[in-house]
Amino acid sequence: MTSPSFLASSALVALGGGLGAWLRFLTGVAWTRAIGPAAATAFPLATLSVNVIGSLAMGLLAGWLARSGTAGESLRLMLGVGVLGGFTTFSAFSLEFALLVERGELGTAMAYVAVSLIAGFAALFAGLFVMRAVA
């Protein structure tokens, strides 16, 4: 199976990216409504959530695509590059870390980094493990 053209690839990434960014926005809205604006800004649970969920989803997708070969190129572009690229906002993670540091909340900042990295990597490996076990 051939890869989609540049235009088709671009459209898949753009559509997926828009959806991923919207889902990221909805996650932030949901956390703010659930715990209130003050708590939602005290610790960036929305970004932590999307990074962990996105890492798990990426592990699942990567595991599935590795088994399916080149037939999944359009899905890789739309879901992996587009949706998950728009959903998992590592740049927001970096900014929120910097803001915690600037506010003098070094313990919270370090906890945020540690939990984000450990849980994200663990979720990605869990996704890969699940997809490899399904084979």
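Residues numbered from 1 in each chain as written. Predicted model: local features only at pLDDT ≥ 70, side-chain atom pairs only at ≥ 80, totals over all residues. Heavy atoms only, no water.

As recorded in an unreviewed UniProt entry, the chain goes by the name Fluoride-specific ion channel FluC, listed as coming from Novosphingobium aquae. UniProt, in the comment section headed Subcellular location (unreviewed entry), describes the chain in these words: "Cell membrane". As its UniProt record puts it under Catalytic activity (unreviewed entry), the chain is described as follows: "fluoride(in) = fluoride(out)". (UniProt positions renumbered as here; feature names shortened; annotations may be inferred.)

K.L.:
Help me out: how do you make sense of the side chain of Thr27 in this one?
P.N.:
Mapped onto the fold, Thr27 is located in helix 1 (residues 6–35). What Thr27 contacts, discounting residues up to four positions off in sequence, is Ala46, Ser49, Val50 and Phe87. (Helix = DSSP H or I, 4+ residues; strand = E, 2+ residues; numbered from the N terminus. Contact = heavy atoms within 4.5 Å.)

K.L.:
Hey, could you run me through the pattern of salt bridges in this one?
P.N.:
Close approach of charged atoms allows side chains of opposite charge to pair. Considering all chains together, one arrives at two salt bridges under this definition. With a shortest N-O distance of 2.9 Å, Glu73 and Arg76 are connected by a salt bridge. One end of the pair is Glu73 and the other is Arg76, both in helix 4 (residues 73–87) and three residues apart, which spans about a single turn. A relative accessible area of 34% places Arg76 in the partly exposed class. Between Glu105 and Arg103 there is a salt bridge, and its shortest N-O distance comes to 3.2 Å. The class for Glu105 is partly exposed, based on a relative accessible area of 28%. In this structure Arg103 comes out as partly exposed when scored by relative accessible area, which is 45%. (Salt bridge = Lys/Arg side-chain N within 4 Å of Asp/Glu carboxyl O. Buried < 20%, exposed > 50% of the residue type's maximum accessible area, 1.4 Å probe, protein only.)

K.L.:
What is the right way to read the packing of helix 5 (residues 90–102) against helix 6 (residues 106–134) from this model?
P.N.:
Helix-helix packing is characterised by the crossing angle of the two axes and by the distance between the axes. Close contact between helix 5 and helix 6 brings their axes to 7 Å; oriented N to C, the two are set at 155 degrees. Here helix 6 runs roughly antiparallel to helix 5, going by the angle between their axes. Remark: the crossing between helix 5 and helix 6 carries left-handed chirality. When helix 5 is examined against helix 6, the residues Phe93, Glu96, Phe97, Leu100 and Val101 are found in contact with a partner set consisting of Leu106, Thr108, Ala109, Met110, Tyr112, Val113 and Ser116. (Axes fitted to C-alpha atoms, helices over the stretch in contact; angles between N-to-C directions. Parallel < 35°, antiparallel > 145°, perpendicular 65-115°, else oblique. Left-handed = near helix turned anticlockwise from the far one by under 90°.)

K.L.:
Hey, could you run me through the packing of aromatic side chains in this one?
P.N.:
The geometry of an aromatic ring pair is captured by two quantities: the separation of the ring centres and the angle between the planes. By the definition in use, this model includes three aromatic pairs. The interplanar angle of 40 degrees and the centroid separation of 4.7 Å between the aromatic rings of Phe90 and Phe93 together place this pair among those described as tilted. In this pair, Phe90 and Phe93 are both assigned in helix 5, three residues apart and thus about one turn of the helix distant. A relative accessible area of 6% means that Phe93 is categorised as buried. Relative to Tyr112, the ring of Phe93 has its centre 5.1 Å away and its plane inclined at 50 degrees; by these criteria the two rings are tilted. With Phe93 in helix 5 and Tyr112 in helix 6, the pair connects residues that are 19 residues apart, well separated along the chain. (Phe/Tyr/Trp six-rings, centres within 6.5 Å; stacked < 30°, edge-to-face > 60°.)

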